[in-house]
There are 2 protein chains.
Amino acid sequence: MRATVIHGPGDIRVEEVPDPEIRLPGDAVVKVVAACVCGSDLWPYRGVIETASPRRIGHEFVGVVEEVGSDVTSLRTGQFVIAPFALSDNTCAHCRYGVHTSCASGAWWGGEDEKGLQIDGGQGEYVRVPVADGTLVATPETPEVADIPSLLTLSDVMGTGHHAAIAAAAAPGRSVVVVGDGAVGLCGVLASRRLGAERIIAMSRHADRQALAREFGATDIVEKRGDEGVAQVKELLGGLGADAVLECVGTKESMQQAIDATRPGGRVGYVGVPAGGSELPIEQLFSNNVSVGGGVAPVRAYLEELLADTLAGAIDPGRVFDLELPLDEAAEAYAAMDQRRSIKTMLRP
Amino acid sequence: MRATVIHGPGDIRVEEVPDPEIRLPGDAVVKVVAACVCGSDLWPYRGVIETASPRRIGHEFVGVVEEVGSDVTSLRTGQFVIAPFALSDNTCAHCRYGVHTSCASGAWWGGEDEKGLQIDGGQGEYVRVPVADGTLVATPETPEVADIPSLLTLSDVMGTGHHAAIAAAAAPGRSVVVVGDGAVGLCGVLASRRLGAERIIAMSRHADRQALAREFGATDIVEKRGDEGVAQVKELLGGLGADAVLECVGTKESMQQAIDATRPGGRVGYVGVPAGGSELPIEQLFSNNVSVGGGVAPVRAYLEELLADTLAGAIDPGRVFDLELPLDEAAEAYAAMDQRRSIKTMLRP
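With that settled, consider the overall build of chain A. Per the secondary structure count, chain A includes twelve helices and 18 strands. Computed over C-alpha atoms, the radius of gyration of chain A comes to 20 Å, within 12% of the 20 Å expected from 2.2 N^0.38 for 349 residues, which places it in the range of a compact globule. Long-range contacts, defined as pairs at least 24 residues apart, comprise 68% of the intrachain contacts of chain A with a sequence gap of at least 6.

The interface of chain A with chain B comprises 29 residues on the first partner and 29 residues on the second. Of all the elements in the fold, those that place two or more residues in the side of chain A that touches chain B are α2 (93–96), β15 (262–270), α10 (282–288) and β16 (291–294) of chain A. Here the side of chain A that touches chain B gets six residues from one element, more than from any other, and that element is α10 of chain A. Split by residue class, the side of chain A that touches chain B holds 14 nonpolar, 13 polar and two charged.

This part takes up the sheet that holds strand β4 (residues 55–56) of chain A. Residue and element names in this part refer to chain A. Pairing is antiparallel in the open sheet, where three strands are placed in the order β2-β1-β4. Edge positions in the open sheet fall to β2 (11–16) and β4, since each of these has one partner strand only. Sheet topology note: the strand β1 (residues 2–8)/β2 ladder contains six bridges and is antiparallel. Bridge pairing in β2 places R2 opposite E16.

Accessible area lost upon the coming together of the parts serves often as the stated size of an interface. Residue and element names in this part refer to chain A. Segmentation of chain A into domains returns domain 1 (2–155 + 298–348) and domain 2 (157–294). A straight line from the C-alpha centre of domain 1 to that of domain 2 covers 26 Å. The interface is formed by 19 residues belonging to domain 1 together with 18 residues belonging to domain 2. For the side of domain 1 that touches domain 2, the element with the highest residue contribution is helix α11 (residues 299–311), accounting for five residues.

Another point: the packing of helix α5 (residues 157–167) of chain A against helix α6 (residues 183–194) of chain A. Relative placement of two packed helices is described by the angle separating their axes and the distance separating the axes. All names here are of chain A. Between α5 and α6, the least distance of the axes is 7 Å, while the angle of their chain directions is 60°. It follows that α5 is oblique to α6 by the angle criterion. For the element pair α5 and α6, the recorded crossing hand is right-handed. Across from V157, M158, T160, G161, H162, A164 and A165 in α5, the residues of α6 making contact are A183, V184, C187, G188, L190, A191 and S192. Looking at the contact of α5 with α6 residue by residue, the classes come out as nine nonpolar, five polar and no charged.

Before going further, it helps to spend a moment on the relation of the copies chain A and chain B. With an RMSD of 0.0 Å, the operation that places chain A on chain B is a rotation of 180° combined with a shift of 0.0 Å along the axis. With respect to symmetry, the two chain copies, as superposed, fit the operation of a two-fold axis.

Turning next to unusual backbone geometry. In terms of backbone geometry, most residues other than glycine have negative phi values and most peptide bonds are trans. Of note in this structure, R340 of chain A is not a glycine but carries a positive phi near 55°. Relative to the helices and strands, R340 of chain A is located in the loop between α12 (330–338) and β18 (345–348). The phi angle at A169 of chain B is positive, at roughly 65°, despite the residue not being glycine. Summarising the element assignment, A169 of chain B is placed in the loop between α5 (157–167) and β11 (175–179).

Moving on, we come to the pairing of β15 of chain A. Residues and elements named next belong to chain A. Of all the nine residues making up β15, nine are buried; the element is thus mostly covered by neighbouring parts of the structure. As judged from the five bridges shared by strand β14 (residues 242–247) and β15, these two strands associate in the parallel manner. Note that in β15 the partner of L246 across the bridge is G269. Here four bridges tie β15 to β16, and the two strands are oriented parallel to one another. In the sheet register, G269 faces β16, and the bridge partner there is G293.

Below, the discussion takes up the confidence of the model for chain A. Taken residue by residue, chain A gives an average pLDDT of 96. The fraction at 70 or more is 99%. The complex model carries a pTM of 0.96, and its ipTM stands at 0.96.

Below, the discussion takes up α6 of chain A. All names here are of chain A. Between its terminal C-alpha atoms α6 stretches 16 Å, which fits the 16 Å expected from twelve residues at 1.5 Å a residue. The buried count for α6 comes to eleven of twelve residues, which makes it a mostly enclosed element. What α6 keeps buried is the set A183, V184, G185, L186, C187, G188, V189, L190, A191, S192 and R194. Positive phi appears at G196, one or two residues downstream of α6, with a value of about 105°.

Pairing in this open sheet of three strands is antiparallel, and the strands run β2-β1-β4 (chain B) from one edge to the other. Unpaired on one side and paired on the other, β2 (11–16) and β4 (55–56) of chain B mark the two borders of the sheet.

All names here are of chain B. Taken residue by residue, helix α8 (residues 226–236) has G229, V230 and V233 as its buried positions. The arc that holds the buried residues of α8, viewed along the axis, is 100°, so those residues lie on one side. Of the residues in α8, the exposed ones pointing more than 90 degrees away from the buried face are D227, E228 and E235. Phi turns positive, to about 65°, at G238, one or two residues after α8.

As a further point, take the environment of D220 of chain B. Here D220 of chain B is to be found in strand β13 (residues 220–222). It is 9.2 Å that separates the C-alpha atoms of D220 of chain B and Q210 of chain B, two residues lying ten residues apart in sequence.

With that settled, consider the environment of R341 of chain B. Relative to the assigned elements, R341 of chain B resides in the loop between α12 (330–338) and β18 (345–348). On a C-alpha basis, the gap between R341 of chain B and E235 of chain B in space is 31 Å, while along the polypeptide they are 106 residues apart.

Looking at where R55 of chain A falls in the secondary structure, it is placed in strand β4. Counting along the chain gives 65 residues from R55 of chain A to D120 of chain A, while the straight-line C-alpha distance between them is 9.6 Å.

What counts as what
- Residues numbered from 1 in each chain as written.
- Chains lettered and ligands numbered in written order.
- Predicted model: local features only at pLDDT ≥ 70, side-chain atom pairs only at ≥ 80, totals over all residues.
- Helix = DSSP H or I, 4+ residues; strand = E, 2+ residues; numbered from the N terminus.
- Rg over C-alpha atoms; globule rule 2.2 N^0.38 Å.
- Contact = placed C-beta atoms within 7 Å.
- Nonpolar A, V, L, I, M, F, W, Y, C, P; charged D, E, K, R; others polar.
- Pairing = 2+ DSSP bridges.
- Domains from an automatic or database assignment.
- Axes fitted to C-alpha atoms, helices over the stretch in contact; angles between N-to-C directions.
- Parallel < 35°, antiparallel > 145°, perpendicular 65-115°, else oblique.
- Left-handed = near helix turned anticlockwise from the far one by under 90°.
- Least-squares fit on C-alpha atoms with pLDDT ≥ 70 in both.
- Buried ≥ 20, exposed ≤ 12 C-beta atoms within 10 Å, placed from the backbone.
- pLDDT = per-residue confidence, 0-100.
- Expected span 1.5 Å × (residues − 1).
- Arc of directions from axis to C-beta.

Structural data, given as structure tokens:
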């Protein structure tokens, strides 16, 4: 079968790789219907994270169960499934606390499973899925084609934006600022609205992203960054910072901007993978009683509730996809996201 | 009158200083009944924080209103009052959010008021109190002498321990670890019990402090520090870290110990004044979804509820005082706390 392999900065190739098969009794094999490129895939693409040797990449996909191992009880061939960006058994103590990204049997796409066996990346024609019972979530029925983009966001960006909003304690009556206008930031806007926040300020300099932010529930747009952007946020909020700030980028600058935009006693919820030495400024946090929470989003924990709202039409996060390409054009998908020509690019095997 | 002045590391003197008087219409003058030495007073005493020139020190006291300015409406001469360690108007937006330490009219004992006038330290015979209506909390009646130590803790350590417990989200059914066995840590144990936590692990190497921690509600004691201490905590908690960890010291090592003792998805509530470059390790926090909240405790926000419980006898935080000295022996009070011969030392003018 064909799948993406990253060889180094700017070097994404679609190559012939071995067909996956059931290797452990808890495995399933899924035929990928749609996959996509993540903002965090751009860190190795840009060389911010080193690629020591060629490796499989991609961690967001939906598809149809092709085959299941003998221990799999909750899935059957032919079901449409959503794969969260982290594998988990959904039964260990950490999963029961809703922190599936710390699962005792957890693993990552493109990494190794409990037995040290290679796990496929998500950008390919098929994927072997270890701990399939815990990892995959099946839809009640085969979805409409039009719903596939939104279902695909439940793999990562919608759940991640939701995690930022939960970590920042977005809620009715609270003011929200979202730093980052990528797919996660936009989903953070949508999640904040879904959680009842009325005042939602999106920080964005791009007209297309601003428009989508507004459609997702942003009440205000701030185009400036850094100190100027923070000053504009405070002007909109009666001189104070926001109750809840979602940090959806992961750089030192974006984190500082998020902290600066938070009122004393408020919360930063961050989900951007930290890239580039962004230690937190404890003296500023201490003086202002600004809390910082979040991290790698346990999207599996949120999947059922977000799936129900998606299928009910209450949220339509799939609108973040503004480009769709065949898998063979994965290199162009990465380039389009890297150059910010696309908010989020879908790949169709 | 007489009051403490710090001249430099290890150099605390009780000196004759000008008698305070009403200088602004919102002022009160309070005759100090009891004051005390804070763990954070030890940072300049130890030279960790520089003392550029001699200055008044101390920020915890209770006393009796001697005189009020013409704008003061909620206080009258003769009332017994508790002074939080930060001054606040209790009316601005930050105070309404319960973050009195960020008050728009806020100030600090030993610092300057809104008009740039010197504010007294808390360790003296009398204190001029700006923004007195907002800052001071009067007891319903003149308290029993036996209640004075507990009331004095509401100036700082009990409210600060409570803030740590709130920031860490200590609650029924949650496991708590307290890092630091000073007065704040011990009050953090008491606050966690008051908030309903059932499993409370105090980290302490001193028999007297362990005993008080147990009386305050600690169910377990861990004597080791660092990695060994964390391993013992996890052993007590079925291999996981704690849901809620209170960091009540303020060093890089204690913060790291607190973070390491927190389970994925759990919270660190920190109130130790950061001393010595303790930036937060964002990659560890991100990977484990550990939140960090807290800061300089807005004890004014908690004063009414903690006062009610103290007067009702539900909590007895004054037991942290194990040494009482006349004000003139302030130098010995500092030395006793510095050398950990005393958990908390009261000064009587």
